[in-house]
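# Structural characterization, general
So you can see what is in the structure, the chains are spelled out below.
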Amino acid sequence: MAIIELDRLSKAFGGVNAVRSLDLTTEDGEFVVLVGPSGCGKTTTMRMIAGLEGASGGAIRIDGQDVTDMGPTDRDVAMVFQNYALYPHLTVYENMAFCLRVRRWSKARIDEQVHRTAKALGIDELLQRKPAALSGGQRQRVALGRAIVREPRVFLMDEPLSNLDAKLRIEMRAEIVKLCRRLKVTTFYVTHDQLEALTMGHRIVVMQGGVAQQIDTPQKIYDEPANRFVAGFIGSPPMNFLDAGRTEGGATLQGPGFRLRAGPRVTAALREQAGPVVAGIRPEHLRPAEGPDGAAEGPDGAAGSITGRIEIVEPLGSQVMIQIATDSGLVTAQFERRDGLAVGNPITLAQTPDMLHVFDATSGRSVL
Ligand code: ATP
């Protein structure tokens, strides 16, 4: 277990600022997910923590000790990459024992540790096989096993599941989270998949352009995105954004084809905010106004609404996703499956007042 502090950590490659002044202190045994689009600085951050890349500025501390200028082997950090890099000519056992031999552990101690770790990962039956005789998921487990067998203080995983098929990825996600919780090892996990970030992290760092846009729990990131980038990146299908004028008092935001109602918090924040704003509403917070639950619109019955014409209907099992063309552009909605949704039909969508986000049109920051 360890507490990691990233203190204004920065990295420039020539003119490219890959990571800019990243501040983060983990808790002991915390699972932190770095997420963001390609090129946002995730891997560079991990490589700096591992000691594979020097920092251009700032510091890294592990349990209070400054490791910024320390080599990778002195940091007690283990890293798993997306291409597992197992030694193909060695058995699973030998792959796992390798780094313990380098550390000159005794034969008996290595044997015990390899078997214990293999059992924890459910790969004890595979110890005598070579990597070529393993499935993708088994190979991934072995790679994890090899990284954790020496019980590092910090565990770094860079897109470790990207080579697995969708079903196995979901299984492995849950396994990795369980394993890290059991071992109580502080973990940094990189993904570009927002759903993976939401399901796995104690805390999520959403990065863009080398800058941490928001560091928060998954719930907070989803419920209270700090800016338009975070709001659009986290959540699937992505949030709808509508350029909005507003009425006196700020409780209603309107534009061509829509009239949305803000909850009390957003309304109060809007009173403090001059200038143009953008309304944000998640697809799952819209539903047909004429429907079984379309009437539940708050005490005065005055719901927000968006009107348009259905362009796409996409069944998703128990749910359905539709896209409608409005006078303010395309709007996506997702709700429980129902009949009577035909392409070309006009439709009015109702909105839940408390589920409205509002951003400053210029800075993109949330008004909250
Ligand atoms: P991906 O999801 O595609 O792996 P990432 O978020 O991990 O992306 P990084 O690999 O950290 O992003 O790269 C951040 C920025 O730094 C990018 O603009 C990249 O081109 C640049 N970069 C990374 N490594 C180097 C390097 N060795 N030399 C020059 N530029 C680099």
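A quick note: this is a predicted structure, and the numbers were derived from the prediction, not measured.

## Some thoughts on the overall build of the protein chain
- Helices and strands together make up the secondary structure of the protein chain, namely nine helices and 20 strands.
- Principal-axis analysis of the C-alpha atoms places the extent of the protein chain at approximately 75 × 45 × 35 Å.
- Across the 368 residues in the protein chain, those meeting the buried criterion constitute 39%.
- Put simply, 66% of the contacts in the protein chain that link residues at least 6 apart link residues at least 24 apart.

## Remarks on the domain arrangement of the protein chain
- Looking at the assigned domains, one finds that the protein chain contains domain 1 (4-232) and domain 2 (239-360).
- Look at where the C-alpha atoms of domain 1 and domain 2 centre, and you get two points 39 Å apart.
- Taken together, the contacts link five residues of domain 1 with six residues of domain 2.
- Looking at the side of domain 1 that touches domain 2 residue by residue, the classes come out as two nonpolar, two polar and one charged.

## Observations concerning the site of the ligand
- In the vicinity of the ligand, the contacting residues are F13, V16, A18, G36, S38, G39, C40, G41, K42, T43, T44 and H192.
- Counting residues per element, the ones that place at least two in the shell around the ligand are strand 2 (16-25) and helix 1 (42-50).
- In terms of residue count, the dominant contributor to the shell around the ligand is helix 1 (three residues).
- Across the shell around the ligand, the residue classes break down as four nonpolar, seven polar and one charged.

## Things to note about the sheet that holds strand 4 (residues 57-62)
- Strand order in the open sheet formed by four strands is 2-1-4-5, and the pairing between neighbours is antiparallel. Where the open sheet ends on each side, the last strands, each with one partner, are strand 2 and strand 5 (65-66).

## Quick word on the packing of helix 2 (residues 92-102) against helix 4 (residues 136-148)
- The interhelical angle for the contact between helix 2 and helix 4, taken along N-to-C directions, is 25 degrees, at an axis separation of 8 Å. When the interaxial angle is binned, helix 2 and helix 4 end up roughly parallel. In this structure, the crossing between helix 2 and helix 4 has a hand that is right-handed. Contacts between helix 2 and helix 4 involve V92, N95 and M96 from the former and V142, G145 and R146 from the latter.
- Counted by class, the contact of helix 2 with helix 4 contains three nonpolar, two polar and one charged residues.

## So, the sheet that holds strand 6 (residues 77-80)
- Ordered by their spatial adjacency, six strands build an open sheet running 6-7-8-3-9-10, and the pairing between neighbours is mixed. The open sheet terminates on both sides in strands that have one partner only, identified here as strand 6 and strand 10 (211-216). For this sheet the average axis-to-axis angle between neighbouring strands, irrespective of direction, equals 15 degrees.
- In this fold helix 4 packs onto strand 6 and strand 7 (154-158), with an angle of close to 170 degrees to the strand it touches most, strand 6.

## Remarks on helix 9 (residues 264-271)
- Along helix 9, the residues that are buried comprise V266, T267 and L270. Mapping the buried residues of helix 9 onto a view down its axis gives an arc of 100 degrees, with all of them on the same face. Exposed and facing more than 90 degrees away from the buried side of helix 9 are P264 and R271.
- Summarising the contacts, the buried residues of helix 9 are in contact with strand 11 (240-246) and strand 20 (356-360).

## Description of the pairing of strand 3 (residues 31-35)
- Of all the five residues making up strand 3, five are buried; the element is thus mostly covered by neighbouring parts of the structure.
- A two-sided burial pattern is seen for strand 3, the buried positions comprising F31, V33 and V35 on one face and V32 and L34 on the other.
- When strand 3 meets strand 9 (residues 203-208), the two strands line up parallel, connected through four bridges. Note on strand 9: the bridge partner recorded for V32 is R203.

## Comments concerning the environment of C180
- Summarising the element assignment, C180 is placed in helix 5 (residues 166-183).
- Exposure remark for C180: the 22 C-beta atoms within 10 Å place this residue in the buried category.
- Not counting residues within four places of it along the chain, the set of residues in contact with C180 comprises F31, F155, V185 and T187.

## Comments concerning helix 3 (residues 107-120)
- For helix 3, built from 14 residues, the straight-helix expectation of 20 Å at 1.5 Å per residue is met to within 8% by its first-to-last C-alpha distance of 20 Å.
- The complete set of buried residues in helix 3 reads I110, V114, T117 and A118. In an axial view of helix 3, the angular spread of the buried residues amounts to 100 degrees, which keeps them on one side of the axis. Seen from the buried face of helix 3, the exposed residues on the opposite side, beyond 90 degrees, are A108, R109, E112, R116 and K119.

## Some words on the environment of S38
- Along the chain, the position of S38 falls in the loop between strand 3 and helix 1.
- Between the alpha carbons of S38 and A361 there is a distance of 25 Å; along the sequence they are 323 residues apart.

## A word on the confidence of the model for the protein chain
- Of the residues in the protein chain, 94% have a pLDDT of 70 or more, and the chain-wide mean is 90.
- Throughout residues 292-301 the model reports pLDDT below 50, and contacts reaching past four residues in sequence, or to other chains, amount to ten contacts.
- This complex was scored by the predictor with a pTM of 0.89 and an ipTM of 0.97.

What counts as what
- Residues numbered from 1 in each chain as written.
- Predicted model: local features only at pLDDT ≥ 70, side-chain atom pairs only at ≥ 80, totals over all residues.
- Helix = DSSP H or I, 4+ residues; strand = E, 2+ residues; numbered from the N terminus.
- Buried ≥ 20, exposed ≤ 12 C-beta atoms within 10 Å, placed from the backbone.
- Contact = placed C-beta atoms within 7 Å.
- Domains from an automatic or database assignment.
- Nonpolar A, V, L, I, M, F, W, Y, C, P; charged D, E, K, R; others polar.
- Near = placed C-beta within 6 Å.
- Pairing = 2+ DSSP bridges.
- Axes fitted to C-alpha atoms, helices over the stretch in contact; angles between N-to-C directions.
- Parallel < 35°, antiparallel > 145°, perpendicular 65-115°, else oblique.
- Left-handed = near helix turned anticlockwise from the far one by under 90°.
- Arc of directions from axis to C-beta.
- Expected span 1.5 Å × (residues − 1).
- pLDDT = per-residue confidence, 0-100.

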